[in-house]
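# Chain and residue survey
Now for the letters of each chain:
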Amino acid sequence: MNKDIEKVLISEEEISSRCRLLASELEMNYKDLEEPLLIVGLLKGSVPFMAELMKRFTIPCEIDFMKVSSYVGTKSVGDVKINKDLDHTCDGKCVLIVEDIIDTGKTIKAVKQMFYNKGAKDVKIVALLDKPEGRQVDIEADYVGFTIPNEFVVGYGLDYDQKYRNLPYVGVLSPSVYTK
Ligand SMILES: O=P(O)(O)OC[C@H]1O[C@H](OP(=O)(O)OP(=O)(O)O)[C@H](O)[C@@H]1O
Ligand code: HPA
Ligand SMILES: [Mg+2]
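Predicted, not measured: the structure shown is a model, and the values here were computed from it. (Residues numbered from 1 in each chain as written. Chains lettered and ligands numbered in written order. Predicted model: local features only at pLDDT ≥ 70, side-chain atom pairs only at ≥ 80, totals over all residues. Heavy atoms only, no water.)

### Concerning the overall build of the protein chain
Formally: To qualify as a helix, a DSSP run of H or I must reach at least 4 residues; to qualify as a strand, a run of E must reach at least 2; elements of each kind are numbered from the N terminus. A radius of gyration in this sense is built from C-alpha atoms; the matching globule rule multiplies 2.2 Å by the number of residues raised to 0.38. Burial status follows relative accessibility: with a 1.4 Å probe on protein chains alone, a residue under 20% of its type maximum counts as buried, one over 50% as exposed, and anything between as partly exposed. Note on contacts: a residue pair is in contact if any heavy atoms of the two residues lie within 4.5 Å. A 1.4 Å probe and the Shrake-Rupley method give the accessible areas. Residues count as covered only by the protein chains that appear here. In this tally, Asp and Glu contribute negative charge and Lys and Arg positive charge; neither His nor the terminal groups of the chain are included. Charged groups are reduced to one reference atom each: NZ for lysine, CZ for arginine, CG for aspartic acid, CD for glutamic acid.
Counting its regular elements, the protein chain contains four helices and nine strands. For the protein chain, the sequential pattern of α-helices and β-strands runs β-α-β-α-β-β-β-α-β-β-β-β-α. By the compact-globule yardstick of 16 Å for 180 residues, the protein chain fits well, its C-alpha radius of gyration being 16 Å. Its C-alpha atoms give the protein chain principal-axis dimensions of about 50 × 35 × 25 Å. Looking at the protein chain residue by residue over its 180 residues, the buried ones come to 47%. Long-range pairs, those at least 24 residues apart, make up 65% of the contacts in the protein chain between residues at least 6 apart in sequence. Summing over all exposed atoms, the protein chain offers an accessible surface of approximately 8,900 Å²; the carbon and sulfur share of this is 50%. Of note, the protein chain has its 24 positive side-chain charges centred 4 Å away from the centre of its 29 negative side-chain charges.

### Quick word on helix H1 (residues 12–30)
Put simply, the rule reads: Given a helix with a known number of residues, its expected span is that number minus one, times 1.5 Å. The arc under discussion is defined with respect to the helix axis, by the directions toward the C-beta atoms.
End to end, H1 covers 27 Å across 19 residues, agreeing with the expected 27 Å (1.5 Å per residue, within 8%). The set of residues buried in H1 consists of Ile15, Cys19, Leu22, Ala23, Leu26, Glu27 and Tyr30. Seen from one end, H1 has its buried residues packed into an arc of 135°, which puts them on one side. Of the exposed residues in H1, the ones pointing more than 90 degrees away from its buried face are Glu13, Leu21 and Met28.

### Here we look at the pairing of strand E6 (residues 122–130)
A regular strand carries its side chains on alternate faces of the sheet. For the record, the criterion: Only when DSSP finds a minimum of two bridges between them are two strands counted as paired. A clockwise path from the first strand over the helix to the second, with the strands pointing away from the viewer, defines a right-handed crossover.
Summarising burial for E6: eight of the nine residues are buried, a large majority. Both strand E5 (residues 94–102) and E6 contribute to a ladder of eight bridges, which runs parallel. Looking at E6, one finds that Leu96 is bridged to Lys124. In this region the chain leaves E5, passes through helix H3 (residues 106–117) and returns to the parallel neighbour E6; the handedness of that crossover is right-handed.

### Digging into the side chain of Glu27
Filter applied, for reference: A pair is scored as a salt bridge if a Lys or Arg side-chain nitrogen falls within 4 Å of a carboxyl oxygen belonging to Asp or Glu.
Among the structural elements, Glu27 can be located in helix H1. For the buried Glu27, no salt bridge is present, and the opposite-charge side chain at shortest range is Arg56, 10 Å distant. Residue contacts for Glu27: discarding those within four places in its chain leaves Arg56, Phe57, Thr58 and Ile59.

Here you go:
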């Protein structure tokens, strides 16, 4: 195990089997769509989760990515800034936002509203992790992989200062790493 990880919270195997279940639940709920579903991953954290989910979909879909930022170190700075916008229009489309974690909720709340402002017909959220004790604004995901305690986690896409995204599991970062 990586020396900066205090404990593994969710193993690679647990993530993989939960993703299969989530994908089949999503497929059921979207099976009657008349147009392709637009699946949008929020960069960078959602990449492994997005890849794991989308390979299980058999329904017609398109993918796109958006990059927004609101974090410096382990702290949410509140303002949500778009660093890379969608390549395609989402006007009149059903959108599924793929997110790695919902913590304060500020990022996803702002992004969901951005999609409605751009004319999306329906916007749903799937998050690998939900940290309800971190919540500062009123927003919930429509689909959640795992509910986790109020600890700073890394791995499976999630970073601390851009590191640890490559870990195949979700783990709790030793506080000694960020209190140095
Ligand atoms: O619910 P919140 O408190 O807003 O936090 C969740 C958001 O913060 C992280 O993004 P970050 O800005 O670190 O970008 P990243 O995906 O590139 O790491 C994470 O990936 C979520 O998008
Ligand atoms: O616990 C977290 N880990 C990594 N990135 C995050 N962004 C919000 N919460 C977290
Ligand atoms: Mg981050």
